[in-house]
Amino acid sequence: MTSRVMLISPAMNEALRTARFDDGCPLDAAGTRQARAAAGTLRVPDRAYVSPGVRCHETATALGLDATEVLGLAGLDVGRWRGSTLEEVGAEEPEAVGRWLADPEAAPHGGESVRALCDRVAGWLDGVAGVDGRIVAVVEPEIVRAVVVRVLGAPEAGFWRVDVPPLTATELSGRAGRWNIRAGLPLTGDHSTGTS
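This structure is a prediction, so every number in the text was calculated from the model and none was measured.

Draft legend 1. Quick look at the packing of aromatic side chains. As enumerated under the stated definition, the model contains six aromatic pairs in all. Judged by centre distance (5.2 Å) and plane angle (85°), the rings of tryptophan 81 and tryptophan 100 are edge-to-face. With tryptophan 81 in the loop between β3 (68–69) and α4 (86–92) and tryptophan 100 in helix α5 (residues 94–102), this pair connects stretches of sequence that are 19 residues apart. Relative accessible area serves as the criterion here: at 1%, tryptophan 81 is assigned to the buried category. Pairwise contacts between aromatic rings join Phe21, Trp81, Trp100, Phe159 and Trp160 into one cluster. One Lys or Arg, arginine 145, reaches over the ring of phenylalanine 159 and ends 5.8 Å from the middle of that ring.

Draft legend 2. Representation of the sheet that holds strand β5 (residues 168–175) within the structure. An order of β3-β2-β4-β1-β5-β6 is seen for the six strands of this open sheet, with the pairing classed as mixed. Two strands lie at the open edges of the sheet, namely β3 and β6 (178–186), each paired on one side alone. With six bridges joining them, strand β1 (residues 3–8) and β5 adopt antiparallel strand pairing. Paired with methionine 6 across the bridge in β5 is glutamate 171. On top of the sheet, helix α6 (residues 114–128) reaches β1, β2 (47–50), β4 (134–138), β5 and β6; it is set at about 140° to β1, its chief contact.

Draft legend 3. Structural view of the packing of α6 against helix α7 (residues 141–152). Where α6 meets α7, the closest approach of the two axes is 9 Å, and the angle between their N-to-C directions is 75°. As judged from the angle between their axes, α6 and α7 are roughly perpendicular. From α6, Arg115, Leu117, Cys118, Asp119, Arg120, Val121, Ala122 and Leu125 reach across to α7, where they touch Glu142, Ile143, Ala146, Val147, Val149, Arg150 and Val151.

Draft legend 4. Structural context of the nonpolar core. Core analysis: the largest hydrophobic core is formed by 37 residues, its most contacted members being Val5, Leu7, Leu73, Trp81, Trp124 and Leu125. Within the residue set of this core, elements represented by two or more residues are β1, α5, α6, β4 and α7. Listed in part, the 20 residues of the second largest apolar core include Met6, Ile8, Ala11 and Leu185.

Rules used in this analysis
- Residues numbered from 1 in each chain as written.
- Predicted model: local features only at pLDDT ≥ 70, side-chain atom pairs only at ≥ 80, totals over all residues.
- Heavy atoms only, no water.
- Phe/Tyr/Trp six-rings, centres within 6.5 Å; stacked < 30°, edge-to-face > 60°.
- Helix = DSSP H or I, 4+ residues; strand = E, 2+ residues; numbered from the N terminus.
- Buried < 20%, exposed > 50% of the residue type's maximum accessible area, 1.4 Å probe, protein only.
- Lys NZ or Arg CZ within 6 Å of the ring centre and 35° of its normal.
- Pairing = 2+ DSSP bridges.
- Contact = heavy atoms within 4.5 Å.
- Axes fitted to C-alpha atoms, helices over the stretch in contact; angles between N-to-C directions.
- Parallel < 35°, antiparallel > 145°, perpendicular 65-115°, else oblique.
- Core = buried A, V, L, I, M, F, W, Y, C linked by side-chain atoms within 4.5 Å.

Structure, rendered in C-alpha cells:
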C-alpha cells in the first residue's frame, strides 16, 4: 500500500507578506482569489486536514475542502513574538533571535523550539503513514519545513533553509514510513492532481 499526502501552504495574507509571526490574520483578497482559482485543480482527497490557523482554514474553504482541524498541525508557537515582524523582534531581541535561528532546541520567545515542532509533526506523519488513500492537508509553512526536514533525515538546523511559497503543494508518497517528496509545486496543472 502506498500512502499519499499533499501538504498545501496557505494563500497570501498580510502576515506572510510582511514576514509577521502569525496572529490570526485572514487571507487578503488576492490570496482568496488565487485559492478559489486553484480549487478546480485538486483531485478530491479521501481525507482532508487543516492546521488550526485562520489563514489555513480560509485557504481550505476557498479550495473547496471539507477539512478536519488537527491540533498537531498547528504552526510553530512563537510565544511573545506572535504578531511581531522578524525585523521588529530582531531589533528588540537580536541575541534571542540569533540563538533561535541557530539552535533548533532554543525557544527564547517562550513558545516552542524547532526541534519540538519537528518531533510533533513527525508524530503526525507516522500516524498517516499507513493510511490508505489520498490525504490533503492545508498547513502552515513551518509544518511543511518540518516535514521536509524529517522526511529527508536532515538536521533540524536546515529547517530555516526550506522556502515554502504561498499556495504551493508538497507531495509525499511512501510505503512503510519511507517517504519520497516533491516540493514547491504550484497549485495549477498536473502537479496538483497528485499524478506522482
